[in-house]
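Given next are the chains, with one letter for each unit.
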Amino acid sequence: MANRRMVSMAFFLIAAAVTAAQAGEKNAAPSQKIPKGAKVFVAPIAEGFDSFLKDAIAKKKVPVEITPNRDQADYEITGTADTQKASTAKKLIMGNWHSREEASITLSNIKSGEVVWAYSVHQEASTHGKRSSAESCAKHLKDAIEGQ
Amino acid sequence: MQHKRPPNSLILAALVLSIATYPRFARSQENGSAQDPSKPANEAKPASEIAKEAAPDLKQASSDEGKLATVNNAKIPSYSKVFVAPMMGGFENYIIAGLRNKKVPLTVVVDRSKAEYEISGVSESEKAGWAKMLFIGVQNSNEEASIKIAHLKTGAVIFGYSVHKTNSMRGRQSAGEACAKHIKQIVIE
């Protein structure tokens, strides 16, 4: 009787172990949804791009709430930005006065530590400088939230 | 004299453990990793020795603008957790954006301790000078980047890729997307 009980217990344990091992082989796809009205903290970005980004988020009516405190936020925006003013050569030879803008931002979930959204923009001749690239980021963030 | 036999519960536990760990062992054998997963590969070994060991396994393949190298056709399981280490000029952000743009099935995490793989590398951007504008009539920059992917547990470098773009239309964004496109090739979907 005791032996039969042992065998059944062993069978159960082996089955459980095999199931657990098979489940561990495949990683589950993360749920990358950004809820409307999520609290977002914009971390300082080079050349004050974070200020332009905050303005753009307000201007483009992105459905998120900007918080000045990281502790209160659900998500965090980090990134990098680079501006290159038009050089004399560019003005004289190419006849172009506009600056070259590059920016890349990532939105990560503070709790889980997962990056849920990312975007990069490059404008060879930006009419409104950093404002244009920040608005481009905000527009695509809005699309990502509303298009879910 | 009585022989002490191990208790049945111990034998059972050993059996269960061996069955549970077998798939991982088999997978690591498939990937060609001859290292013991329980021991970090770079333990008590200088970096130069590790590089020497990894180099013979690297298989190179040239693409249109870059060079790709994978170790024994190593693959990354989909939705593995990847940490992108900070790079010069914030290039890590462009790689993350590229991974998303190219729909690479990986989960990027901001905490290195939660990750299974790490992407690290260098990048350089060279803006167009007056001579380039005058003689060629081009104002686009030249971009260079080189990345590698390492398995954090074993410390083994499983993938390397370098890209050089002359007159890059979208600057660092193009280089980041090129890296992401080639990372996608080694991810099992």
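Nothing here was measured: the structure is a model prediction, and the numbers come from that model.

What counts as what
- Residues numbered from 1 in each chain as written.
- Chains lettered and ligands numbered in written order.
- Predicted model: local features only at pLDDT ≥ 70, side-chain atom pairs only at ≥ 80, totals over all residues.
- Helix = DSSP H or I, 4+ residues; strand = E, 2+ residues; numbered from the N terminus.
- Contact = placed C-beta atoms within 7 Å.
- Pairing = 2+ DSSP bridges.
- Axes fitted to C-alpha atoms, helices over the stretch in contact; angles between N-to-C directions.
- Core = buried A, V, L, I, M, F, W, Y, C linked by C-beta atoms within 7 Å.
- Buried ≥ 20, exposed ≤ 12 C-beta atoms within 10 Å, placed from the backbone.
- pLDDT = per-residue confidence, 0-100.
- Parallel < 35°, antiparallel > 145°, perpendicular 65-115°, else oblique.
- Left-handed = near helix turned anticlockwise from the far one by under 90°.
- Nonpolar A, V, L, I, M, F, W, Y, C, P; charged D, E, K, R; others polar.
- Expected span 1.5 Å × (residues − 1).

Another point: the overall build of chain B. When you go through chain B residue by residue, the secondary structure sums to 5 helices and 9 strands. From first element to last, N terminus to C terminus, chain B shows the α and β order α-α-β-β-β-β-α-β-β-α-β-β-α-β. The contacts of chain B with a sequence gap of at least 6 include a subset with a gap of at least 24, amounting to 72%.

Let us look at the overall build of chain A. When its secondary structure is counted, chain A shows 4 helices and 5 strands. What you see in chain A, going N to C, is helices and strands ordered as α-β-α-β-β-α-β-β-α. Considering only contacts within chain A whose residues lie at least 6 apart along the sequence, 70% involve residues at least 24 apart.

A few words on the sheet that holds strand β1 (residues 38-42) of chain A. Taken together, 5 strands build an open sheet; the order of strands is β2-β1-β3-β4-β5 (chain A) and the sheet is mixed. Each edge of the sheet is formed by a strand with only one pairing partner; in this case those strands are β2 (64-66) and β5 (115-126) of chain A. With strand direction ignored, the average angle separating the axes of adjacent strands in the sheet is 25°. Across 3 bridges, β1 of chain A lies against strand β3 (residues 75-84) of chain A in parallel orientation. The residue bridging V40 of chain A from the neighbouring strand is Y75 of chain A, located in β3 of chain A. Together, β3, β4 (99-109) and β5 of chain A form the strand contacts of helix α4 (residues 130-146) of chain A, whose direction differs from that of β5 of chain A by roughly 145°. Against the sheet, helix α3 (residues 91-101) of chain B makes contact with β3, β4 and β5 of chain A, and its axis sits at roughly 110° relative to β5 of chain A, the strand it touches most.

Within the largest apolar cluster, 62 residues are counted, with the highest numbers of intra-cluster contacts made by L53 and C137 of chain A together with V82, I95 and C179 of chain B. Other than its neighbours up to four places away in sequence, C179 of chain B contacts I95, G98, A145, I147, Y161 and V163 of chain B.

In this section: the environment of G66 of chain B. All names here are of chain B. Assignment of secondary structure puts G66 in strand β2 (residues 66-71). Overall, G66 belongs to the buried group, with 21 C-beta atoms counted inside 10 Å. Linking G66 and M169, residues 103 residues apart in sequence, is a C-alpha distance of 16 Å. Those residues within four positions of G66 in sequence are excluded, and the remaining contacts are Y161, S162, V163, H164, A178 and H182.

A few words on the confidence of the model for chain A. Looking at chain A, the pLDDT average stands at 84 and 78% of residues meet or exceed 70. Across residues 18-25 of chain A, confidence stays below pLDDT 50; counting only partners more than four residues off in sequence or on other chains, it has 6 contacts.

Residues and elements named next belong to chain B. By the element assignment, I147 lies in strand β7 (residues 141-151). The class of I147 is buried, set by 28 C-beta atoms lying within 10 Å. Taking the C-alpha atoms as reference, I147 lies 8.5 Å from S123; in sequence the two are 24 residues apart. What I147 contacts, discounting residues up to four positions off in sequence, is I119, S120, G121, Y161 and C179.

Quick look at the packing of helix α2 (residues 49-59) of chain A against α4 of chain A now. All names here are of chain A. Look at α2 against α4: their axes get within 8 Å of each other, and the N-to-C directions meet at 55°. It follows from the interaxial angle that α2 and α4 lie oblique. Along this stretch, α2 crosses α4, giving a crossing that reads as right-handed. In this structure, α2 contributes F49, F52, L53, D55, A56, I57 and K59 to the contact, and α4 contributes K130, R131, A134, E135, C137 and A138. Per-class residue counts for the contact of α2 with α4 are 8 nonpolar, no polar and 5 charged.

Quick look at α4 of chain A now. A rise of 1.5 Å per residue sets the reference length of α4 of chain A, with its 17 residues, at 24 Å; its end C-alpha atoms lie 24 Å apart and thus fit the reference within 8%. Looking at the buried positions of α4 of chain A, the neighbouring elements they touch are α2, β3, β4 and β5 of chain A.

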